[in-house]
Amino acid sequence: MSEASDRLAGAELNLAPGDEQLDGNGVAVGVRGYVIGLVLAAGLTAASFYFCFSGLIYAPAVPAALIALAVAQMGVHLVFFLHLTTGPDNTNNALALAFGVLIVTLVIGGSLWIMANLSHNMLPMSRVLEMQR
Amino acid sequence: MSAYAIDSDRIGEEALESPSAARSAGGPASKRVYVGYGFWIFILSDMVMFSAFFAAYAVLAEARAGGPGGRQLFDLTNVAWETGCLLVSSFACGMASLAAASRNALWFQVAMAVTFVLGAAFLGLELSEFAGLTAQGDGPQRSAFLSAFFTLVGCHGLHITAGLLWLLTMMAQVVAKGFRADILRRILCFTLFWHALDIIWVAIFTVVYLMEKTP
C-alpha cells in the first residue's frame, strides 16, 4: 500500500471522531487512563513489597499472594497501558494474547513439573558419591 | 456490515472512534492496524522466549553449589527503585504516545526524554547490582542459580538497552521527519515494546527478588 493511500486510510480509520479532536477532551481522557493505570500499578507493587515482609499474611501463603498481585498488575498494564479490551475491535489482539499465555503456561508449568519429577526420581547426591568410590 | 467488518483494532491505542465509522465494510485494515498487530505477535513470542528463561530460573533456583542464595545477595531497596523507575518510565512513554497522537512535537520530546532518563536510571541500577555481585565473586559462573539469574535479568536488561537506543532513534526521526504515518507506526511499536518490558519486569521482581525473600 502506498504511503499516500495509507495516510488517507489513516485519516478515515485511525483519525475517527475522538482521535481527530484529541486536542481538547481526547487528551484529557487518554491521560486519565494512564494515571489510573499508574496509580493501580504502583499500589499493587507497594502491596507486593509490603506483604513480603509485614507478616500480615500467613507465611506459607505469601508466594501465592505475590503471584496473585503480579498477575493483577500485569492485567492493569494490559488494560490501562496497552489498552487491551475484550471488545469486538480487539478480538485478534486478545486471542493472540490468550495463545501466548497458553504457551507460557505450558513452558513454565511443564518444565517445573518434569524437572521436579526428575529430581524426585534421582539418587541423592550422597549416594552417587558413595557409588563412585 | 459483514461479520469481519469490526474485527480488528490496533493494540496500544484506545478505540476512540465509533465501531461503525471504524472499519469500512469489506475494506482491508489500515497499515497501522496490521503493523501494530504484527508487532504484538513479536512481543508475545518474545514473552514465550522469556518464559523459557523463567522456567530455567525456577528449576535452578535451588542449585546453588554451596554458594549464596538470593536471600543473602539481593538488595530489595535497589529493586524497589528499579521498579519505580521502570513504572514511571512506562507512564511517560504513554504520555509520549498521546503527544504523538495529538501531533505535539514538544510534549512528545519532553515525554520521551523523561522515558529515556528513567529507563537509563533503571539500567544503571541494574548494572551496579551486577557489578557488585561479580566483584564479590558471585558472578554467573558461581552456581547454576546465578547463571540462571544473570541470564534472565540480563536478557531483560539487554531489551531495555535496545529499547533506549530505539527511543533515541524515534526522538531523532520525529525531529528530522515529523509525525509522518510511517514514523507514527514506529512510535506505536516502540510504545508496545516499552510497556511489554515493564510487564516482564513485574514477573521478574516478583519471581526472582520477592520470592527469594519470603519468610
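Model, not experiment: these values are computed from the prediction. (Residues numbered from 1 in each chain as written. Chains lettered and ligands numbered in written order. Predicted model: local features only at pLDDT ≥ 70, side-chain atom pairs only at ≥ 80, totals over all residues. Heavy atoms only, no water.)

## Quick word on the overall build of chain A
Scanning chain A for helices and strands turns up six helices and zero strands. In sequence order, chain A lays out its α and β elements as α-α-α-α-α-α. Long-range pairs, those at least 24 residues apart, make up 51% of the contacts in chain A with a sequence separation of at least 6. (Helix = DSSP H or I, 4+ residues; strand = E, 2+ residues; numbered from the N terminus. Contact = heavy atoms within 4.5 Å.)

## Quick word on the nonpolar core
Counting residues in hydrophobic clusters, the biggest one holds 84 residues, and the most contacted among them are Phe 149 and Tyr 209 of chain B. Of all elements in the fold, only helix 3 (22-54), helix 4 (62-81) and helix 5 (91-120) of chain A together with helix 2 (31-60), helix 4 (76-101), helix 5 (105-135), helix 6 (144-177) and helix 7 (181-213) of chain B reach the threshold of two or more residues within this core. The biggest single contributor to this core is helix 7 of chain B, with 20 residues. Leave out the neighbours within four places in its chain, and Phe 149 of chain B touches Tyr 57, Phe 74, Glu 129, Phe 130, Leu 133, Gly 154, Val 208 and Tyr 209 of chain B. (Core = buried A, V, L, I, M, F, W, Y, C linked by side-chain atoms within 4.5 Å. Buried < 20%, exposed > 50% of the residue type's maximum accessible area, 1.4 Å probe, protein only.)

## Brief notes about the pattern of salt bridges
Residue and element names in this part refer to chain B. Counted by the stated rule, this structure contains three salt bridges over all chains. Where Glu 212 meets Arg 64, a salt bridge forms, and the shortest distance between an N and an O atom there is 3.2 Å. With a gap of 148 residues between them, Glu 212 in helix 7 and Arg 64 in the loop between helix 2 and helix 3 (70-73) connect regions that are remote in the sequence. Judged by relative accessible area, Glu 212 falls into the buried class, the value being 11%. A relative accessible area of 22% means that Arg 64 is categorised as partly exposed. (Salt bridge = Lys/Arg side-chain N within 4 Å of Asp/Glu carboxyl O.)

## Structural notes on the packing of aromatic side chains
Residue and element names in this part refer to chain B. Following the criterion strictly, the structure yields 20 aromatic pairs over all chains and no others. When the centroid spacing of 5.6 Å and the interplanar angle of 50° are considered together, the rings of Trp 166 and Phe 193 count as tilted. One end of the pair, Trp 166, is in helix 6; the other, Phe 193, is in helix 7, and 27 residues separate them in sequence. Trp 166 gets classed as partly exposed once you look at its relative accessible area, which sits at 23%. Taken together, Tyr 57, Phe 74, Phe 122, Phe 130, Phe 145, Phe 149, Phe 150, Trp 201 and Tyr 209 form an aromatic cluster joined through their ring pairs. A cation sits over an aromatic face here: Arg 64 above Phe 145, 5.4 Å from the ring centre. (Phe/Tyr/Trp six-rings, centres within 6.5 Å; stacked < 30°, edge-to-face > 60°. Lys NZ or Arg CZ within 6 Å of the ring centre and 35° of its normal.)

## Quick notes on helix 7 of chain B
Residues and elements named next belong to chain B. Spanning 33 residues, helix 7 covers 48 Å between terminal C-alpha atoms, matching the ideal 48 Å at 1.5 Å per step. Along its length, helix 7 reaches its greatest deviation from straightness, about 25°, at Phe 205. Of all 33 residues making up helix 7, 30 are buried, and the element is well covered by its neighbours. (Expected span 1.5 Å × (residues − 1). Bend = angle between axes of the 7 residues up to and from the residue.)

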